[in-house]
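# Structural characterization, general
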Amino acid sequence: MLAATVVVLFACASPPLGRADLLDFLQLGTTRRTDVQLRLGEPNASFEGERILAYRLGRDDGGYMLVKGGAGWSRVRFNLMLAFDELGVLQRYTLVEIETR
Amino acid sequence: MRAAAPRLRVLASALLAAASLGACVVAPIPRPRGTLEGMRGNVSDTMPAFVVEGRTTRAEVLLALGEPDRRADGDRWFAYDSGRRLEGVNWVALVGGAPVSSPGFVLGVRETVEWRELRLRFDEAGVLVQAELVTRRQEGFRFGDAPSAPEPERPARPGSAQAALEEARRSFVAVDPGDRLREAFIAGACRTDGAWRDAVVYVSDLAVSCRVPGQPPWRIEAADIAAVEWRPAEDAPDMPAVRLRRRDGTKADVAFRPLDAADADSAYRRAALFLESVRLLVAGLVAR
């Protein structure tokens, strides 16, 4: 009975999906747009001829996670905004807090 | 008061008994306050300090606010939308003493929601040329639990009524150098000399003005408006109208007509928004 209860409890407690190191590779003046797209996939949106890319992120106890697709901002906690120069090198990025309950 | 308390206790007991016996009882359940599900929360109720017309760039906006909710016109137009529930109550059916969780048992919702819309227009170089923060408060009751959102303003297709409105906004010329446009309303008809004429009605932070093509514009300063009220037009019963009463006793009427066949109820929405805009102006609530 006890074992069954423990199994049920573990089954209900899903592990965190987030990764604390998801954004550690971002280095200003070094990281290239292609590096970003290889690591994070296609952005949610791009602007100014792909000089600015936008990714949507959620966060849990484990860290950040990508939130792909979908309309609206459900499950999205941050907008990662990345600005590149004309050579495609990262010049600036911000983590915009979308959800401010 | 003492006599009422036992009666309330009896009523409460009866409701509980009815619910616990399987009967259906309707009860109010508070709705959570804060940002509405699926909407962003980072549109403040004041214009962000970094937003300066003629200086702020599109890139700065994107890095500060994130991706916009709506974009158009080759990214020369952005809109950021937010909705916050200030207060709300679900009227739900209770069966057997417990709320039924199925949304179908939310019979109705009474709530107050504040909608914020930050509209930004950029020039070809990506520099901000116009920033506008529109805040609307929506109060009321609706049946069911379907979300209710105001119809967002979208960039116009050429030749449409919306395009005409945007052109009217762009062509707004301040009579007073301090005038700052708050709202423009297309196809309002202003009664200037006994006849209704198609017009554009502007509400700035100083005055209400009406421009009729080929006619000199009329303008009423906020300080000169004694009252604003609904005014059914006898000679145009299908057009909701608003009457402005000046302090000197004279009046000016503004009527709204549907812009086209698919726009039957928008005249009422525009008239209500115009009425509310003028009331805010008169109450001195329009931020300068």
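Everything here concerns the structure above.
What this report covers is the structure whose coordinates are included nearby. (Residues numbered from 1 in each chain as written. Chains lettered and ligands numbered in written order. Predicted model: local features only at pLDDT ≥ 70, side-chain atom pairs only at ≥ 80, totals over all residues. Heavy atoms only, no water.)

## Re the nonpolar core
Soluble globular proteins tend to bury their nonpolar side chains together. If you look at the biggest cluster of nonpolar residues, it comprises 26 residues, and the most contacted ones within it are A:F47, A:M81, B:Y80 and B:L120. Going through the elements one at a time, β1 (45-47), β2 (52-60) and β4 (78-84) of chain A together with α2 (58-65), β4 (77-95), β6 (106-122) and β7 (128-143) of chain B are the ones with two or more residues in this core. It is α2(B) that contributes the most residues to this core, five residues altogether. Core analysis: the next-biggest nonpolar cluster, separate from the first, contains 25 residues, B:V201, B:V203, B:V254 and B:F274 among them. (Core = buried A, V, L, I, M, F, W, Y, C linked by side-chain atoms within 4.5 Å. Buried < 20%, exposed > 50% of the residue type's maximum accessible area, 1.4 Å probe, protein only. Helix = DSSP H or I, 4+ residues; strand = E, 2+ residues; numbered from the N terminus.)

## Examining the interface of chain B and chain A
Opposite the 21 residues of chain B that make contact, chain A presents 22 residues. Buried area between chain B and chain A, summed over both chains or domains, comes out near 1800 Å², and the portion from carbon and sulfur atoms is 50%. Seen at the junction of chain B and chain A, the total is two salt bridges. Residue A:E48 is joined to B:R58 by a salt bridge in which the shortest nitrogen-to-oxygen separation is 2.8 Å. Taken together, chain B and chain A are joined by nine residue pairs in polar contact (both at pLDDT 80 or more). Those elements that place two or more of their residues in the side of chain B that touches chain A are α2 and β4 of chain B. (Contact = heavy atoms within 4.5 Å. Buried area = accessible area lost by both parts, 1.4 Å probe. Salt bridge = Lys/Arg side-chain N within 4 Å of Asp/Glu carboxyl O. Polar contact = N/O pair within 3.5 Å; in protein donor to acceptor, adjacent residues only side chain to side chain.)

## Points about the pattern of salt bridges
Pairs may arise between side chains of opposite charge once their charged atoms sit close together. Residue and element names in this part refer to chain B. Under the definition given, this model contains 16 salt bridges over all chains. Between D81 and R70 there is a salt bridge, and its shortest N-O distance comes to 2.7 Å. Here R70 lies in strand β3 (residues 70-72) and D81 lies in strand β4, a separation of 11 residues in the sequence. Taken together, the salt bridges that share partners define one network made up of R70, D81, E117, R119 and E132.

Purely spatial values, then, with no claim about function.
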